[in-house]
Amino acid sequence: MDIYENIIIGNFLFGAGIAMGRCSGAEGVPLSVNLLQQTPLDHGAGDVLVRGSRVLRLLEFKRFRSDTVKEASKLVHLKRALSYEGVAHLKELSRAVHWYLESDVSDKVINLRIVPYLYFNDRKLSGPNLEQFIHGMIAEAISAGEDRSDLHTEYLDLVAKCQGAPKGGSGALIVSIDGNR
């Protein structure tokens, strides 16, 4: 049985909603979730954007056996863009906010590998499980940290500019709501 990205995305969204509901202090925290993938037939990135004033997650959902040529091309462009002097400060932010979630089914068990997008092609790396990932994101969203929305916007602009190749580009409408705008 094929496990399409939308199944994993649905579980992520459901888990994030449950985690937000259970966290004390989460009431009143503006957090927008934008589902950018529409159907399992979409061969583009299965993207979700989670954004608030203190948290940003740009999530790329892929199946293990999917065509990674497009993703490899996007990765080259992103790494090149992050190497320029004027935006090099965004590389650390990229590691924290831009993630690759890869699903695979073996022996009727769904395995999920979660790593920073910059390192998705390093098969030796593995990160948190889905529950840990969601709880870390929610904890960051409700923490008393500083508003980072300007830095998040700068990173999203960079990603949009460097991912615009004809084969790797995609269009989407992103609505972001926070306490300031």
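Residues numbered from 1 in each chain as written. Predicted model: local features only at pLDDT ≥ 70, side-chain atom pairs only at ≥ 80, totals over all residues. Heavy atoms only, no water.

**Some thoughts on the pattern of salt bridges**
Side chains that carry opposite charge are capable of pairing whenever their charged atoms lie near each other. The final tally for this structure, using the stated rule, is four salt bridges. Arg57 is the partner of Glu140 in a salt bridge, and the nearest nitrogen-oxygen pair spans 2.7 Å. Of this pair, Glu140 sits in helix α4 (residues 130–142) while Arg57 sits in strand β3 (residues 56–63), and the two are 83 residues apart along the sequence. Residue class for Glu140 comes out partly exposed when judged on its relative accessible area of 25%. Ionic pairing is found between Lys74 and Glu60, a salt bridge with its closest N-O pair at 3.7 Å. With Lys74 in helix α2 (residues 69–82) and Glu60 in strand β3, the pair connects residues that are 14 residues apart, well separated along the chain. (Salt bridge = Lys/Arg side-chain N within 4 Å of Asp/Glu carboxyl O. Helix = DSSP H or I, 4+ residues; strand = E, 2+ residues; numbered from the N terminus. Buried < 20%, exposed > 50% of the residue type's maximum accessible area, 1.4 Å probe, protein only.)

**Some details on α4**
Look at α4: 19 Å from first C-alpha to last across 13 residues, which is about the 18 Å you get at 1.5 Å a residue. For α4, the complete set of buried residues consists of Phe133, Ile134, Met137, Ile138 and Ala141. The arc that holds the buried residues of α4, viewed along the axis, is 125°, so those residues lie on one side. In this structure Asn129 caps α4, since a side-chain oxygen of it lies 3.0 Å from the backbone nitrogen of Glu131. (Expected span 1.5 Å × (residues − 1). Arc of directions from axis to C-beta. Polar contact = N/O pair within 3.5 Å; in protein donor to acceptor, adjacent residues only side chain to side chain.)

**Some points on the pairing of strand β5 (residues 109–116)**
Bridging between strand β4 (residues 98–106) and β5 involves eight bridges; their strand directions are antiparallel. In the sheet register, Val105 faces β5, and the bridge partner there is Ile110. The hairpin turn running from β4 into β5, its antiparallel successor, is two residues long, and Asp107 in that turn takes a positive phi close to 55°. (Pairing = 2+ DSSP bridges.)

**Some points on the environment of Val97**
With respect to the element layout, Val97 can be found in helix α3 (residues 90–97). With relative accessibility at 2%, the residue Val97 sits in the buried group. For Val97 and Arg57, which are 40 residues apart along the polypeptide, the C-alpha to C-alpha distance reads 4.6 Å.

**Description of the packing of aromatic side chains**
What describes a pair of aromatic rings is the distance from one ring centre to the other and the angle between the planes of the rings. Inspection of every chain in the model, using the stated rule, returns four aromatic pairs. On the basis of an interplanar angle of 70° and a centroid distance of 5.1 Å, the ring pair of Trp99 and Phe133 is categorised as edge-to-face. In this pair, Trp99 is assigned in strand β4 and Phe133 in helix α4, connecting sequence segments 34 residues apart. Relative to Phe120, the ring of Tyr100 lies with its centre 4.5 Å away and its plane at 20°, an arrangement referred to as stacked. Residue Tyr100 is located in strand β4, and its partner Phe120 is located in the loop between β5 and α4; the two are separated by 20 residues in the primary sequence. Here the two residues Tyr100 and Phe120 agree in accessibility, since each one is buried. (Phe/Tyr/Trp six-rings, centres within 6.5 Å; stacked < 30°, edge-to-face > 60°.)

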